[in-house]
Amino acid sequence: MLKSLFNSGQDKLANAIARADEARVVRLLGKLSPEKLVQPDTEGRHPTELAVLAQQPRILQLLLQRIASPVWQASCGTPLTLLAIRQPQNSLALLSVLLRAGADPNLLHDGQPLLHHCVVHCKEDELMLHLSRLLEHGADINQSDATGGVLVQRLLAGGNLPLLQFVLQSGAECDPAWLEALEDPALAHQLRRTLEDMRIRALMLGR
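Here is what the cut-offs are and how they apply
- Residues numbered from 1 in each chain as written.
- Predicted model: local features only at pLDDT ≥ 70, side-chain atom pairs only at ≥ 80, totals over all residues.
- Heavy atoms only, no water.
- Core = buried A, V, L, I, M, F, W, Y, C linked by side-chain atoms within 4.5 Å.
- Buried < 20%, exposed > 50% of the residue type's maximum accessible area, 1.4 Å probe, protein only.
- Helix = DSSP H or I, 4+ residues; strand = E, 2+ residues; numbered from the N terminus.
- Contact = heavy atoms within 4.5 Å.
- Salt bridge = Lys/Arg side-chain N within 4 Å of Asp/Glu carboxyl O.

Caption draft 1: Highlighting the nonpolar core. By size, the foremost hydrophobic cluster in this structure holds 29 residues, and its most contacted members are Leu-131, Leu-134, Val-167 and Leu-191. Those elements that provide at least two residues to this core are α5 (80–85), α6 (91–100), α7 (114–121), α8 (124–136), α9 (151–156), α10 (161–169) and α12 (185–204). The element best represented in this core is α10, accounting for five residues. If near-sequence neighbours (up to four positions away) are discounted, Leu-131 is found in contact with Leu-115, Cys-118, Leu-151, Leu-163, Phe-166 and Val-167.

If you want it as structure tokens, here you go:
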């Protein structure tokens, strides 16, 4: 049986996205209605999901500009923001496009906030940028996971001082008992100094 024109258009768009053919995507976007852009292809994946999987932030942006009500989940049920974080290339750019389009920065998946998922999936040298981008868009730095754990607790085990200082200066709460339990006394000392410097600065500013 011949494919319908709808399926044909969807498949052509899916193929163009997979090939990262931005020019062809633009041409096809002119032929497909916004309603069709949220419909899945023959494998059940909608175009924005395909753009994330293809690691193409520009194509993702073009798609989201045409869609009034994006589908925020992939066909497997994974949020697109988490799918973006998991990509080996362009994860920050993909995440940024989704957040600018209205994706929820405080979304929970499998009992974990997106900030916590970043700790698991992002490269260490890119982690701060991902956390910063989520915070810029309203992520709650003290949002707990299903067990009650918060971001600082996750990061303490890694011992990355600049990263820990960044989250503390971004408003993360830190129980003194967590620092007492650290096996690295030098790290605990530096973090206490950071907290004390923040306290003094707040007093000077009258906060």
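Caption draft 2: Main features of unusual backbone geometry. With a phi close to 60°, Gln-55 is a non-glycine residue in the positive phi region. You can see Gln-55 is positioned in the loop between α3 (47–53) and α4 (57–66). Positive phi values are uncommon outside glycine, yet Asn-90 reaches one of about 60°. You can see Asn-90 is positioned in the loop between α5 and α6.

Caption draft 3: Local environment of the pattern of salt bridges. Tallying each qualifying case throughout the model produces six salt bridges. Its salt-bridge partner being Glu-136, residue Arg-133 comes within 3.3 Å of it at the nearest N-O pair. Of this pair, Arg-133 and Glu-136 both sit in helix α8, three residues apart, roughly one helical turn. Residue Arg-133 is classed as partly exposed on the basis of its relative accessible area of 22%. With a relative accessible area of 56%, Glu-136 lands in the exposed category. Two residues, Glu-180 and Arg-192, come together in a salt bridge whose shortest N-O distance is 3.3 Å. On the criterion of sequence distance, the pair formed by Glu-180 in helix α11 (residues 176–180) and Arg-192 in helix α12 is long-range, its members being 12 residues apart. Through salt bridges that share partners, Asp-41, Glu-43 and Arg-45 make up one connected network.

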